[in-house]
Amino acid sequence: MVVNKLKQSLRTKLTISYLAVAALCVILISIFSNLYLERQFRSYVKSNQEKKNLEIVALITHQYEMQQGFNETSLQNIGISALDNGLIVQVEDAQGKPIWDALEFNHGRCLNMMENIHTNMMSRYPNWKGEYVTKEYPIMSNFQRVGKVFIGYYGPFYFTESDLEFINSLNIVFIGVGILALVSAIVLGNLIARGISRPIKNVISTAQGISRGDLDNKIVEQSTIREIDSLTGSINSMADILKQQEQLRKRLTADVAHELRTPLTTLQSHLEAMIDGIWEADSARLRSCHDEIIRISRLVGDLEKLARYEGENIILNKTEFDLVELIKSIAMNFEKKMLDKNISISISNEPVEIFADKDKISQVVINLFSNAIKYAKEGGNVALSVFVEEGKTIMKIKDTGIGIEKEHLQRIFERFYRVDSSRSRLTGGSGIGLTITKAIIEAHRGTIEVQSEVGEGTEFTVTLPLK
Ligand code: ADP
C-alpha cells in the first residue's frame with residue numbers, strides 16, 4: 001500500500017528538527033535546574049533558620065550580660081525585629097516566669113504574620129503541610145542558666161517575601177533564556193538548513209536541466225559538506241560523460257554519412273550515366289560499380305565490428321594460449337600478400353603464454369599485421385617480437401614502410417582517421433582498424449603506442465598484463 005505522506009521541504013524539516021531539539025533541551029534544563037535549585041534553596045533556608053534562632057539567643061544573652069539582667073524594653077526590640085523575620089519569641093527567667101512574649105505583646109500581629117507565611121507557601125506549594133514549630137534554647141551567662149527562650153516559627157521551613165521574589169525572578173530568567181534559545185534555534189536552524197538546502201536545490205535544477213538536454217550548465221558553487229560536494233561532483237561528471245557521448249554519437253553519425261556518401265555518389269553517377277545511355281554498361285564499368293558496393297559492404301562490416309568492440313562492455317572470453325604461435329598461424333594467411341610485395345618477415349621464436357581473449361587478440365594481430373604489409377615498401381621487412389618485461393607481455397610490430405608524420409601519429413587511433421584518404425581508398429582502408437585494435441587492448445587493461453619515422457617505418461608496441 002502506498003502511503004501518501006505529507007511532503008515538506010528539506011528546509012522546513014530541518015528547521016522543525018532544530019526547534020524540537022532546542023525545545024526539548026530547554027524543557028529538560030528548566031525542569032532539572034529548577035528542581036536542583038529549589039532543593040538547594042530549601043536546604044539553605046533550613047540551615048539559615050537555625051542560624052537566625054541562634055542569633056536571637058545570642059542577642060538576648062548579650063542584653064542580659066550587658067544590663068546584668070533581663071530588660072523588657074531591649075527584649076521587646078529584639079522580639080519585634082524577630083517578628084519581622086517571621087519568628088515568635090518568648091523569654092522566661094530561670095524560674096520559668098515569662099518576661100517577654102511576642103504573642104502577648106501583639107497577638108494580632110503574630111497571627112497576621114503566620115497567616116502571611118501560610119498564604120505565601122500555599123501559593124508556591126499548594127500541598128505544603130507546614131505547622132507551627134517551637135524550639136527552646138537556654139540562656140547561659142557565666143556558665144549558669146539564667147533563662148530560656150522559645151522561638152516559634154512556621155516549620156519545617158518557610159520562604160519570606162524576598163525568598164519568594166528571588167525564586168520567582170529565577171523562574172522569569174529561566175523562561176527568558178528558554179524563549180531566547182527557541183528563537184535562536186529557529187534563526188540558526190533556518191540559516192543552517194538554508195546552507196544545506198541551497199546546494200541541493202542547485203543539484204536538482206542542474207539535474208533537471210540535464211534531463212532536458214542542457215549539458216553545459218554545471219554547478220560551480222562548492223559546498224563545505226563533503227556529501228553534497230561529492231553529489232555536485234557526480235552530477236557535473238555525469239553531465240560531462242553525457243556530453244561526450246552525445247558528441248560521440250553525433251560525430252559517429254556524421255562520420256558514417258560522410259564515409260557512405262563518396263561510394264554512393266560514385267555508384268549513383270555511374271548507374272545514371274549507364275541508364276541515360278551516356279555510358280555503355282560494359283563489364284569494366286559494372287566491375288567498377290561492383291567495387292564500390294564491395295567497399296560499402298566492407299565499411300558496413302567494419303562499423304558492425306566497431307559497434308561490437310567499442311561498446312563499453314566488451315565481454316572477454318579469456319583463455320591461456322601461446323601468443324607467438326597465434327602470430328605464426330596468422331602470418332601464414334598473409335603469405336600471398338607478402339610474396340606479391342616481396343616482403344620478408346621475422347617472428348620471435350620463444351613461446352609466450354598469455355591469458356586473454358584469443359579471438360579478439362587475433363583481431364589485433366590481424367589489424368596490425370595487415371597494416372604493416374599494406375604500408376610496407378616493396379622488398380621491405382616486417383618484424384614481430386613478443387617478450388615479457390616487468391610482469392607484462394610486450395608485442396612489437398615493426399615495418400620498414402612509408403611511416404607516419406608526427407601530426408597524424410596520435411590521431412590514427414581515432415575512428416575513420418586516415419593519413420591519406422585517397423590512398424587509403426585505394427587500399428580499401430576505412431580508418432577503423434586501429435580504433436578496434438585500441439578498444440580490444442584497453443578492454444584487456446593494456447596499452448598501445450606507436451613510433452614512426454617518415455620514409456623509415458613504423459613500430460606499434462602493445463603491452464598486455466599477464467592475467
Ligand atoms: P585503415 O583501415 O585505413 O588502415 P587503420 O585504423 O588501420 O585504418 O589505420 C589508420 C591510418 O593509420 C591508416 O589510414 C594509415 O594512414 C595509418 N597507418 C596505420 N598503420 C600504418 C603503418 N604500419 N604504416 C603507415 N601508416 C599506417
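Small disclaimer: the values here were computed from a predicted structure and weren't measured.

(A) Examining a nonpolar patch on the surface more closely. On the surface, Ile175, Ile179, Val183, Ile186, Val187, Leu188, Leu191 and Ile192 cluster together to form a nonpolar patch covering roughly 720 Å² of accessible area. In this structure, isoleucine 186 sits in helix α5 (residues 161-211). With relative accessibility at 38%, the residue isoleucine 186 sits in the partly exposed group.

(B) Structural view of the pattern of salt bridges. This structure, assessed with the given rule, holds 14 salt bridges. The salt bridge involving glutamate 136 is made with arginine 145; its shortest N-O contact spans 4.0 Å. A salt bridge links glutamate 414 to arginine 411, with the shortest nitrogen-to-oxygen separation between them at 3.0 Å. For glutamate 414, a relative accessible area of 28% puts it in the partly exposed group. Sharing partners across several salt bridges, the network here consists of Glu136, Arg145 and Lys148.

(C) Layout of the sheet that holds strand β3 (residues 131-141). With antiparallel pairing, four strands are arranged side by side in an open sheet as β2-β1-β4-β3. This sheet does not close on itself; its edge strands, each paired only once, are β2 (98-101) and β3. This sheet shows a mean twist of 15 degrees between the axes of neighbouring strands, independent of strand direction. Pairing analysis gives 11 bridges linking β3 to strand β4 (residues 144-155), with the strands arranged antiparallel. Within the sheet, the bridge partner assigned to valine 133 lies in β4 and is tyrosine 153. Sheet strands touched by helix α1 (residues 10-67): β1 (88-93), β3 and β4. Its angle to β3, the strand with the most contacts, is close to 35 degrees.

(D) Examining the packing of α5 against helix α6 (residues 226-275) more closely. Orientation of α5 relative to α6, taken along the N-to-C sense of each, is 15 degrees, at an axis distance of 10 Å. Here α5 lies roughly parallel to α6, going by the angle between them. Once α5 is placed against α6, the crossing between them reads as left-handed. Note on element contacts: α6 touches α5 through Ile228, Leu231, Thr232, Ile235, Met238, Ala239 and Leu242, opposite Ile196, Pro199, Ile200, Val203, Thr206, Ala207 and Ile210. Tallied by class, residues from the contact of α5 with α6 come to 12 nonpolar, two polar and no charged.

(E) Geometry of the layout of surface pockets. In this structure, the largest pocket spans a volume of roughly 970 Å³. Taken together, 43 residues line the largest pocket, and the ones lying closest to its centre are Ser370, Asn371, Lys374, Tyr375 and Gly429. Of all the elements in the fold, those that place two or more residues in the lining of the largest pocket are α7 (283-310), α9 (335-341), α10 (358-375), β9 (392-399), α12 (421-427), α13 (433-443) and β11 (457-465). With 10 residues, the single largest contributor to the lining of the largest pocket is α10. Classifying every residue of the lining of the largest pocket by side-chain character gives 17 nonpolar, 14 polar and 12 charged.

(F) Seen up close, the site of the ligand. Within the structure, the ligand sits among 19 residues, and Asn371, Tyr375, Asp399, Gly431 and Leu434 are positioned closest to it. Leucine 434 has a polar backbone atom sitting 2.8 Å from an oxygen atom of the ligand. For the ligand, the cavity whose grid points lie within 2 Å of the majority of its atoms is the largest pocket. Elements with a contribution of two residues or more to the shell around the ligand: α10, α13 and β11. If you tally residues by element for the shell around the ligand, the top one is α10, at three residues.

What counts and how
- Residues numbered from 1 in each chain as written.
- Predicted model: local features only at pLDDT ≥ 70, side-chain atom pairs only at ≥ 80, totals over all residues.
- Heavy atoms only, no water.
- Patch = residues over 30% accessible without salt bridge, like charges linked within 9 Å, V, L, I, M, F, W, Y side chains within 5 Å.
- Areas by Shrake-Rupley, 256 points an atom, 1.4 Å probe, with all protein chains shown as cover.
- Salt bridge = Lys/Arg side-chain N within 4 Å of Asp/Glu carboxyl O.
- Helix = DSSP H or I, 4+ residues; strand = E, 2+ residues; numbered from the N terminus.
- Buried < 20%, exposed > 50% of the residue type's maximum accessible area, 1.4 Å probe, protein only.
- Pairing = 2+ DSSP bridges.
- Axes fitted to C-alpha atoms, helices over the stretch in contact; angles between N-to-C directions.
- Contact = heavy atoms within 4.5 Å.
- Parallel < 35°, antiparallel > 145°, perpendicular 65-115°, else oblique.
- Left-handed = near helix turned anticlockwise from the far one by under 90°.
- Nonpolar A, V, L, I, M, F, W, Y, C, P; charged D, E, K, R; others polar.
- 1 Å grid on protein atoms, 1.4 Å probe; cavity = no way out; pocket = protein on both sides within 12 Å on 5 of 7 lines; lining within 4 Å.
- Points joined across faces, edges and corners; volume = space filled by probe spheres on them.
- Near = heavy atom within 4 Å.
- Polar contact = N/O pair within 3.5 Å; in protein donor to acceptor, adjacent residues only side chain to side chain.
- Sits in = over half its atoms within 2 Å of the grid points.

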